[in-house]
Every structure is written in structure tokens, then in C-alpha cells.
There are 2 protein chains.
Amino acid sequence: MEDNKTFETTKPSLAPPSGGGGGVHVFAPATVANVVCGFDVLGFAVNEPGDEVIMRMTNKPGITISKITGDDGRLPMDPAKNTVSVSVQHYLQSIGRTDIGLDIELHKKMPIGSGLGSSSASTVAGLFAIKTLLGDDSDAAKLLPFAMKGEEMACGHGHADNVAPALLGGFVLIRSYDPLDVVRLPHPAGLWCAIVFPDVDVPTREARQIIRKNIQMKDAVTQWGNIAGLVSGLFMNDIDLIGRSMKDVLVEPVRSMLIPDFYKMREMAMELGAVSFGISGSGPSVFAFTKDEDTAHRITQKLQKHLTGLKIGSNGYVSTINDAGPRVLG
Amino acid sequence: MEDNKTFETTKPSLAPPSGGGGGVHVFAPATVANVVCGFDVLGFAVNEPGDEVIMRMTNKPGITISKITGDDGRLPMDPAKNTVSVSVQHYLQSIGRTDIGLDIELHKKMPIGSGLGSSSASTVAGLFAIKTLLGDDSDAAKLLPFAMKGEEMACGHGHADNVAPALLGGFVLIRSYDPLDVVRLPHPAGLWCAIVFPDVDVPTREARQIIRKNIQMKDAVTQWGNIAGLVSGLFMNDIDLIGRSMKDVLVEPVRSMLIPDFYKMREMAMELGAVSFGISGSGPSVFAFTKDEDTAHRITQKLQKHLTGLKIGSNGYVSTINDAGPRVLG
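Residues numbered from 1 in each chain as written. Chains lettered and ligands numbered in written order. Predicted model: local features only at pLDDT ≥ 70, side-chain atom pairs only at ≥ 80, totals over all residues. Heavy atoms only, no water.

A closer look at the interface of chain A and chain B
The interface of chain A with chain B comprises 37 residues on the first partner and 37 residues on the second. Taken together, the two surfaces of chain A and chain B that pack against each other cover about 2800 Å², and 71% of this comes from carbon and sulfur. Looking only at chain A, the three residues that lose the most surface to chain B are Arg175, Met217 and Trp224 of chain A, adding up to 28% of its buried area. At the junction of chain A with chain B, the criterion picks out two salt bridges. Put simply, Arg244 of chain A and Asp181 of chain B hold a salt bridge, and the shortest N to O gap is 2.7 Å. The interface formed by chain A and chain B contains eleven residue pairs in polar contact (both at pLDDT 80 or more). Among the elements that line the side of chain A that touches chain B, the one with the most residues is helix H6 (residues 217-236) of chain A, at 14 residues. Among the residues forming the side of chain A that touches chain B, the class breakdown is 20 nonpolar, nine polar and eight charged. (Contact = heavy atoms within 4.5 Å. Buried area = accessible area lost by both parts, 1.4 Å probe. Salt bridge = Lys/Arg side-chain N within 4 Å of Asp/Glu carboxyl O. Polar contact = N/O pair within 3.5 Å; in protein donor to acceptor, adjacent residues only side chain to side chain. Helix = DSSP H or I, 4+ residues; strand = E, 2+ residues; numbered from the N terminus. Nonpolar A, V, L, I, M, F, W, Y, C, P; charged D, E, K, R; others polar.)

Listed below in C-alpha cells is the structure:
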């Protein structure tokens, strides 16, 4: 659709940097946080979209950012202000390797402020890149605290429901933040995800601020019955139970107001056979689970056409759940 | 311990009733509702204690209650006021069999008002008895709405977190009440349950009334992170995750005030190796999960001794989780 944004797809070169060692090119996935009934504690990674980082060793200690693409100039090139370099710097400090020189290229392949964990994908790509460059093949989970540092800088809160699935892949529960307790959940293999990003502005900070701080116990009981049902459905491979459980009586009623025609889009998705439909993270992206790829494509097409009619640009993505997390490209 | 209550253990006879057909003797289990972090939506059944119903066909249409034992005269003999007969009557009406004549004996084998689902056990025993008498071998789950009717009469609310596990056995999630959606959860085979009932009065209605109607979102998030963790632990056979997840920041801080030395008892149980400790239902019974039978016995003994020191009578039970639900005896 002509209204829709596109993102750079040219692959940047991996030529050796001047005066430095080899480089690495890493992809990290977008993520859907909250997953309707799991506000602040659930998230999953998708195969598309995602961000890419190219990282090269240099001879001069310290981190430089030589290039950012796909951000319309919105992200800082200053390494002290960019979430990627800041989280990498935290990691290097923790292992006592601030002697290392690094150059970072960040290639945004997804919209910023979309509710798809854009900053998390970049941060995780950066952390996975430095881990790979250093030949460290230990568990990626140890990078989580550093990714959360980046998230805190980007969003004003150190939540893990985007960074944890971006880093670990798959479906992830943040059981507790203090102490941090992350549980990887299974999911039905045949679950597809349709994502549509309507190009309207919903900053994460503001989307958080409109959420009620005080709620009714009876609504909370409904919500935790549902999250328990969703988790059960994931373990039981019961897609219908997953669908029945994905209801949100607390956050969606408020945040949906920031999304154009949210309930109309839900109606369309459900009529086309979606298992469930909801807001991705703090929005404005919406997502649907489906039982097959075709249904997912039909949903993104119909919703994007509807948004075009509203003169709103959009991006559509169809993907299974990404179980691998970040990976080295080519 | 001499202070502790005992309950009748003599087996009533199953002699044919005067002028009627054969009879049936049914046991239904006690249940632990809420399970710490699953207020109003989780419960499990135990092997001990439980209630017993003897039901016989009679020649005269209508229900009579000929005997109730173990209740200290607290339960109504009037069939229009007793939860067992009322729920059986609802069931008979639903199948158009109000022509049947029935006599009921109810033998309470556990304390009333204990937070162990006493009324649920009786009701479920009654419903399972009539189903058995009628030779109906269909799924017991269909009895759930009738059991909830009895629960509504006994407690003033038609909750299912006691009746569902009493009826279905095992660990049960009430995903939703409207529509009713019940999910049976697995559990580690080696999980033991220690239960102590301190003989103090905590009526269910009052225990509900002191719970806050308005809560903070941040506490609700903590709670649903924990219920999701508990459900995950049940599916993953991860007893440590089960233990870490069984924390309640919303209901226990209030209800524990009605239970003598609750936090002291928790400290004792955890020191003896409990996986978790909390209030059973609305209390005053408390329960601990353990990894073995010996630890469970040590916990009931220590807590009962402590209560004796406070001049409070108690009952102690040690059991695995009851996966069978109600059963016909001997």
C-alpha cells in the first residue's frame, strides 16, 4: 500500500574497519509484550521484524556509533545517550573490559515507538554482538540485566517483558522483578502471529501514565484467572484455551483509546478467524494469533486496507514465534 | 494431643432402607482453595480429610435427611435448608426426576468453618451419590453447576474453587465464572501437603468481607506474575518454582490477622523445609507443600504443638494431592 512506510532492506557491508579487527552482524527480534492479559509480565519474540547491529573491534578504547539507518534521524549518535552503546558499556564494565574499542552500526528495520520492543531489539542485538565478538558462548540470559539498563534509559522503566523474549526467544514470563525470575514458556508450534503497526504516535511513557494505579479486586481476579488460563493453554498446546484466556479488563480498555478503530480492527480480525486480538506492548501496534499463515496474511491485509481508508500509514508483519532470539547473520 | 478435636471414625452401616432400594456410601475430599496466589481461581483436593454421604432410594418421592454426625448439631436436618439435599434437589429437577425418593445420611469427617471446603465436600459427596445411584457414568464435571448452587447457599457466593477440585480431583483452575471455564492442571507427583486447622472461628462470609475491594495495580501485577509462575511450575514439575511463586501480597496480609500466630507458624514450617506455606481458603486452616511425607508430618506436629501451647485445639492432616475426587466406599 502506497501509504505504508518501508524500511531499508539493503544489507550493510561487513568490510573490516580501519585499524580494527573483525566484525559481527547480528539480528535481534521484535517482541509483543503483555500478550493481552499479562501486563508487565508476559512477552514473546517474532521472526519479523527485528533490528540489526554491526559491531567491529577498533584500536581505540571506547565505543563509537558510526551509522544509524532507518530511524529518520530520531536516535542519538552520541554513545553516552544511545541505549545500544550504553548497555554494551555496562556489560564491558561488568567484565572489566573497558579497554576494548568498538564501533557500532545500528540498522533499524522496524518502526520506533511502535509497541514492538524497538529499543529492546536494538539493545539485545548490541549485547549479543559484543558477546559474540568476545567469543563468549555462555548462556545469553546473563545479558538480561544489561538489556534492562538500556530499556530503563529508553522507556523510563526497567521492565523486562520486551528484552527478555528478545534475548531468550520464545514466550517468556517475568515471574518476579525483585529478585529477577524469568521463566521460558512453551507454545503450540502452529501458532502464527499477525502484527499491524498503525503509524500514529503513542509514546510508551504516556501510554503507561494513562493506566489506572488503583483497580478493583474483582477485575484483578478476572485478569489472573485469564493469565493462568493462557499459561495453561501454552503448556497444553490448547489454542482454543489460549484464545478464551486472552482478555484484558484492565489495561486494554484505556490504551485502546489511543489506537485508531481498535475495536473495529478486533472485530475484523476475529471475523477472519483470529484466535485472539490485542495491543502489542503499549501500542499502537496490534496483533492477532492465528492457527495458520494464510489467516494471518488475510488479517494484516484487511487491517492495513482499513487503516489506509482512514489515511493512516501502516506496516504489516506475519510471523511464527521466534524461539531462537538474536542470531548472527550471514 | 489431648486438646485436639477428633471426628467420628466409625463406619455407618449400609443396611437396606425400609421400603426402598439399595444405597451407596460416598467419600468426597477436602480442598485447599486460593493456593496462596490464586485467590478465587485455584484449588486442589487432598486425600484426607473428607466427608461421607450415605444415600438410599426410598419409596416416597422427595428427600429426607435421617442422620448427620460430626457436626455438633450445627447443620440443618431440614432438606430445604441443607446444602447437600438442596443441590441434589436441583440436580433431580434438571433431569426431570423429582419423582425419586431419597434418604441422606451425612457424616462430617472434618471441621466446619475450617477453610477446607467442608460444605463443598458434603455437597459433592451428595451429588456423586445420586449420580452413582442412578447408574449415570457420564463425566462428573456436569455436576459442577449444582455443587455451586449448594456453595452459594452455604457461603453466600457461588464460587467454584472448592467444589471444582472436590468434584474433579487434582489441581483445578477456574479460568472464568461467566461463562464457567474450568481447567484441570497437572502437579508434581511427589508434592505432599501438610494441613493444620487451628480451632478458632473464622466464618467464610466475614473472611471475605475484610478483603479490600480496591487494590493497587502494581500489587495485582505481582500477584499475576506469581500465579503464572505457579501454573508454570505445576506443568514443569518444578517444585522450587512452585515455592517461589506462592506469595500473596493482597489477601494473606489481611486474612492472616484472623489466624493465631500465622507468621510464626509460617516461619516454623519454612524452617522445617516447607516448599511454601499459606492460608487454606478463607482460613483458619493453614497448609504447607513439602517434597516428602516426613517433612509434612514434622510440620503438622510442630504447628499443633505450638497451638497447644497457645491453648488452641487443632487438627493435623498429611496427604498427597487427591487426583480421583469423590469415590464410592467399600
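As for the sheet that holds strand E11 (residues 314-320) of chain A
Residues and elements named next belong to chain A. In space, the four strands of this open sheet follow the order E9-E10-E7-E11, with antiparallel pairing throughout. Every interior strand has two partners, whereas the edge strands, strand E9 (276-279) and E11, have only one. Sheet twist, expressed as the average angle between the axes of neighbouring strands with direction ignored, equals 15°. Where strand E7 (residues 192-198) meets E11, seven bridges bridge the pair, whose relative direction is antiparallel. Pairing of Ala194 across the sheet is with Val318, part of E11. Sheet strands touched by helix H9 (residues 262-271): E9 and strand E10 (286-290). Its angle to E9, the strand with the most contacts, is close to 155°. Each of E7, E9, E10 and E11 touches helix H10 (residues 293-309); the most contacted strand, E7, lies at about 10° to it. (Pairing = 2+ DSSP bridges. Axes fitted to C-alpha atoms, helices over the stretch in contact; angles between N-to-C directions.)

Concerning unusual backbone geometry
For the bond from Glu48 of chain B to Pro49 of chain B, the omega torsion is 0°, close enough to zero to count as cis. In this structure, Pro49 of chain B sits in strand E2 (residues 42-58). Look at the link from Asp178 of chain B to Pro179 of chain B: it is a cis peptide, with omega at 5°. Position of Pro179 of chain B relative to the elements: it lies in the loop between strand E5 (171-177) and strand E6 (180-185). The phi torsion at Val36 of chain A lies on the positive side, around 75°, for a residue other than glycine. In this structure, Val36 of chain A sits in the loop between strand E1 (23-33) and strand E2 (42-58).

Looking at the sheet that holds strand E11 (residues 314-320) of chain B
All names here are of chain B. In spatial order, the strands read E9-E10-E7-E11; together these four strands make up an open sheet with antiparallel pairing. Pairing within the sheet leaves two strands with one partner each, and these edge strands are strand E9 (276-279) and E11. Adjacent strand axes in the sheet meet at a mean angle of 15°, parallel and antiparallel pairs treated alike. Examined bridge by bridge, E9 and strand E10 (residues 286-290) share four bridges and lie antiparallel to one another. If you follow Ser276 over to E10, its bridge partner there is Phe289. Together, E9 and E10 form the strand contacts of helix H9 (residues 262-271), whose direction differs from that of E9 by roughly 155°. In the packing of helix H10 (residues 293-309) onto the sheet, the strands contacted are strand E7 (192-198), E9, E10 and E11, and the crossing angle to E7 comes to about 10°.

Quick look at the domain arrangement of chain A
Residue and element names in this part refer to chain A. Assigned domains within chain A: domain 1 (23-186) and domain 2 (192-320). The gap between the C-alpha centroids of domain 1 and domain 2 is 24 Å. Each partner contributes residues to the interface: domain 1 has 33 residues there, and domain 2 has 37 residues. Between domain 1 and domain 2 the total buried area reaches about 2700 Å² when both faces are included, carbon and sulfur atoms providing 66% of it. Counting the surface domain 1 buries against domain 2, the share from its top three residues, Val36, Cys37 and Phe39, is 25%. (Domains from an automatic or database assignment.)

Concerning helix H1 (residues 83-94) of chain B
Two residues of an α-helix separated by three or four positions point the same way, owing to the 3.6 residues in each turn. Residue and element names in this part refer to chain B. Its twelve residues give H1 an end-to-end C-alpha distance of 17 Å, which sits within 8% of 16 Å, the value for a rise of 1.5 Å per residue. Looking only at H1, the buried set comprises Thr83, Val84, Ser85, Val86, Ser87, Val88, Tyr91 and Leu92. Here H1 starts with a cap whose side-chain oxygen sits 2.8 Å from the backbone nitrogen of Val84, and that cap is Asn82. Within two residues after H1, Gly96 carries a phi angle of roughly 65°, on the positive side. (Expected span 1.5 Å × (residues − 1). Buried < 20%, exposed > 50% of the residue type's maximum accessible area, 1.4 Å probe, protein only.)

A closer look at the side chain of Ser285 of chain A
By secondary structure assignment, the location of Ser285 of chain A is in the loop between E9 and E10. Reaching out from Ser285 of chain A, the side chain makes a polar contact with the backbone oxygen of Ser114 of chain A at a distance of 2.7 Å.

Some thoughts on the UniProt feature "domain: GHMP kinase C-terminal" (unreviewed entry) in chain A
Those places that UniProt annotates as "domain: GHMP kinase C-terminal" (unreviewed entry) correspond, in this numbering, to residues 236-307 of chain A. With 51% helix and 12% strand, the stretch residues 236-307 of chain A has end C-alpha atoms that lie 36 Å from each other. (UniProt positions renumbered as here; feature names shortened; annotations may be inferred.)

Side note on the pairing of strand E6 (residues 180-185) of chain A
All names here are of chain A. Going residue by residue along E6, you find Asp181, Val183 and Leu185 tucked away on one face and Leu180, Val182 and Arg184 left uncovered on the opposite face. Bridge count between strand E5 (residues 171-177) and E6: six bridges; the pairing is antiparallel. Bridged to Leu173 within E6 is Val183.

Details of the packing of aromatic side chains
Residues and elements named next belong to chain B. Using the criterion set out here, one finds 17 aromatic pairs over all chains in the structure. Plain terms: the ring middles of Phe44 and Phe287 are 5.8 Å apart, the flat faces sit at 65° to each other, and that makes the pair edge-to-face. Placement of Phe44 in strand E2 and of Phe287 in strand E10 is noted, with a sequence separation of 243 residues between them. Classification of Phe44 by relative accessible area gives buried; the value is 0%. (Phe/Tyr/Trp six-rings, centres within 6.5 Å; stacked < 30°, edge-to-face > 60°.)

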